[in-house]
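Topology and contacts: notes
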Amino acid sequence: MSSTIAPRQVTKLSPLVRRVTQDNPGPMTGSGTNTYLVGKESLFVIDPGENTDEHMDALMRAVDRTPVAGIAPSHAHPDHWPLAPRLAEALRTITFGFKAHNGYSPMSTLSDGEVVRGVDWSLKVLHTPGHVSDHLSYLLTEEKALFSGDHVMGWSTSVIARPDGSLNSYLASLERLVTMDIAVIYPAHGEPVYQARARIEELIAHRNLRTRQVLEALHAGLDTAPAIVRRIYTEIDPRLYPAAVQSVLAHLDALIQSGQVIIKHQSASPFLSIYALP
Ligand SMILES: [Zn+2]
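Because the structure is predicted, anything quoted here is derived from the model rather than measured. (Residues numbered from 1 in each chain as written. Predicted model: local features only at pLDDT ≥ 70, side-chain atom pairs only at ≥ 80, totals over all residues. Heavy atoms only, no water.)

**With respect to the packing of helix α4 (residues 196-219) against helix α5 (residues 225-232)**
The condition that has to hold: Axis geometry follows a simple rule: fit a line to the C-alpha atoms, using only the stretch in contact for helices, then measure angles between N-to-C directions, giving values from 0 to 180 degrees. We count a stretch as a helix when DSSP gives it H or I for four or more residues in a row; a strand needs E for two or more, and each element gets its number in order from the N terminus. Small angles under 35 degrees read as roughly parallel and large ones over 145 as roughly antiparallel, with 65 to 115 read as roughly perpendicular and the rest as oblique. The sense of a crossing depends on the near helix, which, turned anticlockwise from the far helix by less than a right angle, makes the crossing left-handed and, turned clockwise, makes it right-handed. It only takes one pair of heavy atoms within 4.5 Å for two residues to be counted as in contact.
Contact pair α4 / α5: the axes reach a minimum separation of 10 Å and the direction vectors enclose 115°. Judged by the angle between their axes, α4 and α5 are roughly perpendicular. Here the hand of the crossing between α4 and α5 comes out right-handed. Listed contacts from α5 to R210, Q213, V214, E216, A217 and L218 of α4 are I228, R231 and I232.

See the structure below:
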């Protein structure tokens, strides 16, 4: 993936939004974790990232002496939250999150529809489960900007992290965003997405296509998740293979829920479970 994103630099994206990208690029993180600083007179930090001295220093420099109203990982995955407690202590502020989860214990919890306010900004909290159950997105009202975490990205589709993640929740969270007036999406990985609605619709269509492909594979007699992955994902980076299996399993889960697929043999390893059409 080519990108103009350089780690540790402060990039001003709009009057109220700055980005500092962590130096942790990889197959699952793209160009690295984007940390966003929202506001001018007071700040809110979204997705502080992994706990490294380099990123800590970069964020402390970017914040300078501006008061910080809070720090909020979009969700408790290890490339999003671990720097939060340390940064909060240094900046004398509090950490937020949907719930205690996956090793992360926010000092304050947020629920869907709540609004967090600073001197010159207001962020509406949106619970957007699917990638994982504790995923929050934030809508910056003043700029119609959505901080989408791992829920919507421009460079990649989201992994449904089973068993905590769910395809049906993910699709419901996307359907909800389609109805909203969003001018720009700032994802936790990759560049801003300015065609917000088109991108969300594209992601929904992509999942519907995958569901059809999984059903077609079952029709063709393939009956395990790895076999289905080999049929559907013809050109795949081997490092992304486990994520592809997870994705196919998430589709199978949803198809089982709706009665379109059955489990013929349930194995302790989902890679070995055998699926069939009813
Ligand atoms: Zn994640």
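**Observations regarding the pattern of salt bridges**
If the charged atoms of two oppositely charged side chains come close together, the side chains can form a pair. We apply this condition: Basic side-chain nitrogens of Lys or Arg form a salt bridge, by our definition, when they fall within 4 Å of a carboxyl oxygen of Asp or Glu. Here the term buried applies to any residue with accessible area under 20% of the maximum for its type, exposed to any over 50%, and partly exposed to those in between, with areas from a 1.4 Å probe on protein chains only.
For the structure shown, the criterion picks out 10 salt bridges. One salt bridge connects D23 with R8, and the closest N-O pair in it is separated by 3.4 Å. Taken together, the positions of D23 in the loop between β2 (17-21) and β3 (34-38) and R8 in the segment before β1 (10-14) put the pair 15 residues apart, joining distant regions of the chain. We classify R8 as partly exposed; its relative accessible area is 36%.

**Thoughts on the sheet that holds strand β12 (residues 184-187)**
Here is the rule we go by: At least two bridges found by DSSP between two strands are what make those strands a pair.
What the five strands build is an open sheet, ordered β8-β9-β10-β11-β12; its pairing is mixed. Strand pairing shows two members of the sheet lacking a second neighbour, β8 (115-117) and β12, which therefore form its edges. When strand polarity is set aside, the average angle formed by the axes of neighbouring strands in this sheet is 25°. Pairing analysis gives three bridges linking strand β10 (residues 136-140) to strand β11 (residues 145-149), with the strands arranged antiparallel. Looking at the pairing, Y138 lines up with F147 of β11.

**Looking at the pairing of strand β9 (residues 122-127)**
Counted residue by residue, β9 has five buried out of six residues, so it is predominantly covered. Strand direction decides the pairing type here: β8 and β9, joined by three bridges, are antiparallel. From the neighbouring strand, V116 faces β9, where its bridge partner is L123. Hairpin geometry of β8 and β9 is characterised by an intervening segment of four residues between the two adjacent antiparallel strands. Pairing geometry for β9 and β10, over five bridges, is antiparallel. Within β10, the residue paired with H127 across the bridge is L136.

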